[in-house]
Amino acid sequence: MADILPKMKRLAQDTMKACSRKLDPDRKAFSCEIYGYDFMIDEDLNVWLIEVNTNPCLELSSPYLSRLIPAMIENALKIAVDPIFPPPPVPINKKQYLPDAIDNRFELMFNERDDAAELKNLPIDDNMNGIIEEEEKEEEGSDGDEDVDE
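Residues numbered from 1 in each chain as written. Predicted model: local features only at pLDDT ≥ 70, side-chain atom pairs only at ≥ 80, totals over all residues. Heavy atoms only, no water.

J.: I'm lost on the pairing of strand E2 (residues 47-53) in this one. Help?
T.: The side chains of a regular strand alternate, first on one face of the sheet and then on the other. Sheet topology places strand E1 (residues 36-41) next to E2; six bridges connect them, and they run antiparallel. Bridging from a neighbouring strand, Tyr 37 pairs with Val 52 of E2. Joining the antiparallel neighbours E1 and E2 is a turn of five residues, in which Leu 45 adopts a positive phi near 65 degrees. (Pairing = 2+ DSSP bridges. Helix = DSSP H or I, 4+ residues; strand = E, 2+ residues; numbered from the N terminus.)

J.: Looking at this model, I keep getting lost on the packing of aromatic side chains. Mind explaining?
T.: When we look at a pair of aromatic rings, we describe it by the centre distance and by the angle of the planes. By the definition in use, this model includes one aromatic pair. Relative to Phe 39, the ring of Tyr 37 lies with its centre 6.0 Å away and its plane at 15 degrees, an arrangement referred to as stacked. Classification of Tyr 37 as partly exposed rests on a relative accessible area of 23%. For Phe 39, a relative accessible area of 24% gives the class partly exposed. (Phe/Tyr/Trp six-rings, centres within 6.5 Å; stacked < 30°, edge-to-face > 60°. Buried < 20%, exposed > 50% of the residue type's maximum accessible area, 1.4 Å probe, protein only.)

J.: Mind showing me how you'd approach the side chain of Asp 42 here?
T.: Here Asp 42 is to be found in the loop between E1 and E2. This buried residue, Asp 42, is left without a salt bridge; Lys 7 holds the nearest opposite charge, at 7.7 Å. Here the side chain of Asp 42 touches Trp 48 through a polar contact of 3.0 Å, side chain to side chain. (Lys, Arg positive; Asp, Glu negative; His and termini not counted. Salt bridge = Lys/Arg side-chain N within 4 Å of Asp/Glu carboxyl O. Polar contact = N/O pair within 3.5 Å; in protein donor to acceptor, adjacent residues only side chain to side chain.)

See the structure below:
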């Protein structure tokens with residue numbers, strides 16, 4: 001049971017590595033995106049990635065989600081925006097309502113800058129064809145119905 005979360009993290013890392021060159025092809029200086037990962041856990045405690053949403057549902061449909069989603073958005077914005085536009089300091093005599101970015105519960109699992117050496121070895125060509133497209137090309141060529149010159 002204790003290895004479910006590490007499996008989920010590894011799957012999330014693998015998806016980011018697999019599509020990192022396509023996520024921001026123009027390499028904008030400042031950008032931020034929130035993804036929604038859907039997992040399934042089977043009876044043997046195997047973790048299966050169902051899908052990754054680039055536009056995840058942020059509906060506050062339960063008490064748990066009413067706490068989780070606003071905190072997640074707040075922490076994402078603190079990580080993405082505060083380094084560029086720092087908030088003003090809170091006076092000592094006033095209560096600070098929002099936690100500092102250092103209090104967030106995010107964990108950096110992939111950083112293209114730091115993981116670039118590993119990514120350079122991936123089979124991706126200059127036309128931005130990704131790993132999946134390369135595998136599909138290989139499968140098309142190995143279907144047994146290849147043209148033969150007679």
